[in-house]
Amino acid sequence: MPTRAYITTPLYYVNAEPHVGSTYTNVVADTVARFYRQRGVPTMLQTGTDEHGEKIAQAAEAAGMTPKAFVDQVSAKFQGTWDSVGIRYDHFLRTSDPDHVRFVQEVLARLYEQGDIYFGSYEGLYCVGCERLYTEKELESGLCPLHQTPPTKISEANYFFRMAKYQEQTRRHIETTPGFIHPEGYRNEALAMLREDLGDLCISRPKERLQWGIELPFDAGYVTYVWFDALLNYVSGPKALGRLDELWPATLHLIGKDILKPHAVFWPTMLIAAGYPLYERLGVHGYWSSGGHKMSKSLGNVVQPLAIRDAYGMDALRYFLLREMVFGHDADFTEQALVTRLNADLANGLGNLVSRTLAMNEKYFESRVQAPRPADPADEALAAAFARARRELDEHVGELAFHRGLEAVWRAIDAANKYVADQAPFKLVKDEAQRPRVGAILHNCLEALRSAAQLLAPFLPDSAERIREALGLSPERFADLDLAWGEAFPEGHAISSAINLFPRVETAAGAKQAPR
Ligand code: MSP
């Protein structure tokens, strides 16, 4: 286990609203943070909004609002969405926060003084959607590979950061630090970029063209390039909280594959120049499509997290996102696929184990926990299945292989359902002499539920909480991951009657069309 965790998500551009892509990153970040908190690791999770630059200025204009009023409104929407889908962040940073603005200017002034920023002329092909320059080679038939739009040719006088000076050191660091960029494929992509002649990074925009940004401390005629501004959030956040020494370097930056270059190239070179240690790890995930198509407003296939939550519950969405996508690869979102997993894994697998265990305990023992004896070798095998699931889960979360972590827990849940079928307490109960054994079987089932809920708490926090309540365990007791099997419940302890944790869904509700 690490000794501390500082986890970050990208800062979302406020030109669009939260969708399933941004929700995925935040669900991953939230799950990892909950996982470490549960294991007693001091943890900080930072998310927020990226509010400057041309793209935002254009979106504000299109909305007929001032940039400030516009970003206030959309940033609040992001924060509200994360609050209502249960993302437990410790700090929500906005790049318009005065502390952040001050820090960006401090870093710029320092780099300027040390000769790492110079004035020069700038010419290139710029995509406003990406807020970055493209080389001819990177374009596809002359178009931005992500937006399929022609870039704008720009030629103007600007300030440059001496990125090339730090390129070699960055490349060496990535080459000699296994796991620095995960998965491996993105590490190779980053190294390929760093083997090219990247040149220096243009870090300003003249105010004649763009006013919406952080003014350069050494030239009031310019604002800062939005990426140079935004990347610094990862340091300015902990600094604003007065916790920089304790939190930096970040232990995990989570991003999507489209923003690999700024994070694997710009950011390390900026950190080296500014004299900060490099972050420990960059976790890069793939893209969500929707019904086989790129998610877009014009296609009307943007999946909104709140609509899905309203239709199926937040845990169903979290489960689907974490189980369906192999971290690093692309995945497709359809409501039908979500419903299939909800029914098979959540309703039949976990929900069924919860309801039958509680129902039998109610019917046979008036919801009182019985002694765990007489024992049978099958009981030990069940306990071992959960111990194995915990070991595997720890390993898989460490590798950001969330789907494997969930698979490991489900193997134990399946073992518990099989245990019920094999031990058949519903048959034994007909023989009065077997009553103690029936009580022991149900005791083991309750331990299985307790263990499953503990292991799943970082992934499915609402469901874990409902199981905890049904089992009548105090939050303190439930927090103890090292409770020995057979010791969680005193004999005679009262539990609740059956609950229906995940009702089966017959057909997809069409949540993405639901008005919001
Ligand atoms: N503002 C920059 C990040 C600055 S971080 C210092 C930005 N913002 S964004 O809103 O465009 O994208 C934020 C994140 O959402 C990125 O990690 C991006 O990969 C992710 N996603 C956007 N659409 C996505 C999908 N359809 N699927 C998965 N993730 C996607 O870039």
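Residues numbered from 1 in each chain as written. Predicted model: local features only at pLDDT ≥ 70, side-chain atom pairs only at ≥ 80, totals over all residues. Heavy atoms only, no water.

J.: How should I be thinking about the overall build of the protein in this particular structure?
T.: Scanning the protein from terminus to terminus reveals 19 helices and 16 strands. Whereas a compact globule of 516 residues would reach a radius of gyration of roughly 24 Å, the protein reaches 26 Å, a difference of no more than 12%. Projected onto its principal axes, the C-alpha positions of the protein cover 90 × 45 × 40 Å. Burial analysis of the protein (516 residues in total) assigns 56% to the buried set. By element, 50% of the accessible surface of the protein is carried by carbon and sulfur atoms, the whole surface being about 21,000 Å². Mean positive and mean negative side-chain charge positions of the protein (55 and 66 charges, respectively) differ by 3 Å. (Helix = DSSP H or I, 4+ residues; strand = E, 2+ residues; numbered from the N terminus. Rg over C-alpha atoms; globule rule 2.2 N^0.38 Å. Buried < 20%, exposed > 50% of the residue type's maximum accessible area, 1.4 Å probe, protein only. Areas by Shrake-Rupley, 256 points an atom, 1.4 Å probe, with all protein chains shown as cover. Lys, Arg positive; Asp, Glu negative; His and termini not counted. Charge placed at Lys NZ, Arg CZ, Asp CG, Glu CD.)

J.: Even after reading the chapter, I still don't get the site of the ligand, so can you show me in this structure?
T.: Lining the immediate environment of the ligand, one finds 21 residues, of which Leu11, Asp50, Gly256, Asp258 and Trp288 sit closest. Between Tyr13 and the ligand, the recorded distance is 3.1 Å, taken from a backbone N or O atom to an oxygen atom. Between an oxygen atom of the ligand and a main-chain N or O atom of Gly256, the distance comes to 2.9 Å. Taking 660 Å² as the accessible area of the ligand by itself, protein coverage stands at 92%. Ranked by residues supplied to the shell around the ligand, first place goes to strand β1 (residues 5–13) with four residues. Looking at the shell around the ligand residue by residue, the class counts come to twelve nonpolar, seven polar and two charged. (Near = heavy atom within 4 Å. Polar contact = N/O pair within 3.5 Å; in protein donor to acceptor, adjacent residues only side chain to side chain. Nonpolar A, V, L, I, M, F, W, Y, C, P; charged D, E, K, R; others polar.)

J.: How should the sheet that holds strand β11 (residues 219–224) be read in this particular structure?
T.: Note: strands within a sheet are paired through backbone hydrogen bonds, in either parallel or antiparallel orientation. Judged by pairing direction, the sheet is antiparallel, and its three strands sit side by side in the order β9-β11-β10 without closing on themselves. Of all the strands in the sheet, just β9 (204–206) and β10 (215–216) have a single pairing partner and so form its edges. One ladder, built from two bridges, connects β10 with β11; its direction is antiparallel. Within β11, the residue paired with Leu216 across the bridge is Asp219. (Pairing = 2+ DSSP bridges.)

J.: When you look at helix α6 (residues 184–195) in this model, what are you seeing that I'm missing?
T.: Residues spaced three or four apart along an α-helix face the same direction, because each turn holds 3.6 residues. Taking 1.5 Å of rise per residue, the twelve residues of α6 would be expected to cover 16 Å, and the 17 Å separating its terminal C-alpha atoms lies within 8% of that figure. By the burial criterion, the buried members of α6 are Tyr186, Arg187, Ala190, Leu191, Met193 and Leu194. Angularly, the buried residues of α6 cover 155 degrees about the axis, an arc narrow enough to put them on a single face. Next to the buried residues of α6 lie α5 (167–176), β7 (181–182), α10 (260–274) and β13 (282–285). (Expected span 1.5 Å × (residues − 1). Arc of directions from axis to C-beta. Contact = heavy atoms within 4.5 Å.)

J.: When you look at the pattern of salt bridges in this model, what are you seeing that I'm missing?
T.: Pairs can form between side chains of opposite charge once their charged atoms are near each other. Scanning the entire structure with this criterion turns up 37 salt bridges. Linking Glu54 and Arg209 is a salt bridge whose minimum nitrogen-to-oxygen distance equals 3.2 Å. Highlighted residues: Glu54 in helix α2 (residues 54–62) and Arg209 in the loop between β9 and β10, separated in sequence by 155 residues. Judged by its relative accessible area of 10%, Glu54 is buried. On the basis of relative accessibility, which here comes to 34%, the residue Arg209 falls in the partly exposed class. As a salt-bridge pair, Asp345 and Arg341 come within 3.6 Å of each other at their nearest N and O atoms. Note that Asp345 and Arg341 are positioned in helix α13 (residues 335–365) at a spacing of four residues, about one turn of the helix. With relative accessibility at 15%, the residue Asp345 sits in the buried group. Using a relative accessible area of 21% as the deciding quantity, one classes Arg341 as partly exposed. (Salt bridge = Lys/Arg side-chain N within 4 Å of Asp/Glu carboxyl O.)

J.: Just to check I follow, could you spell out α5 for this structure?
T.: Three or more residues of α5 are buried, namely Gln167, Thr170, Arg171 and Ile174. One side of α5 carries all its buried residues, which in axial view fall inside an arc of 100 degrees. At its buried positions, α5 is contacted by β7, α6 and α10.

J.: Help me out: how do you make sense of the side chain of Glu447 in this one?
T.: Counting through the fold element by element, Glu447 comes out in helix α17 (residues 435–456). Aside from chain neighbours lying at most four places away, what touches Glu447 is Ala484, Trp485, Gly486, Glu487, Ala488 and Phe489.

J.: For this particular structure, what's the right way to read the side chain of Arg39?
T.: Position of Arg39 among the secondary structure elements: in the loop between α1 (20–38) and β2 (43–50). Take Arg39: its relative accessible area is 15%, and that puts it in the buried class. From its side chain, Arg39 meets the backbone oxygen of Phe35 in a polar contact 3.2 Å long. If sequence neighbours within four positions are ignored, Arg39 has contacts with Met1, Leu393, Asp394 and Leu481.

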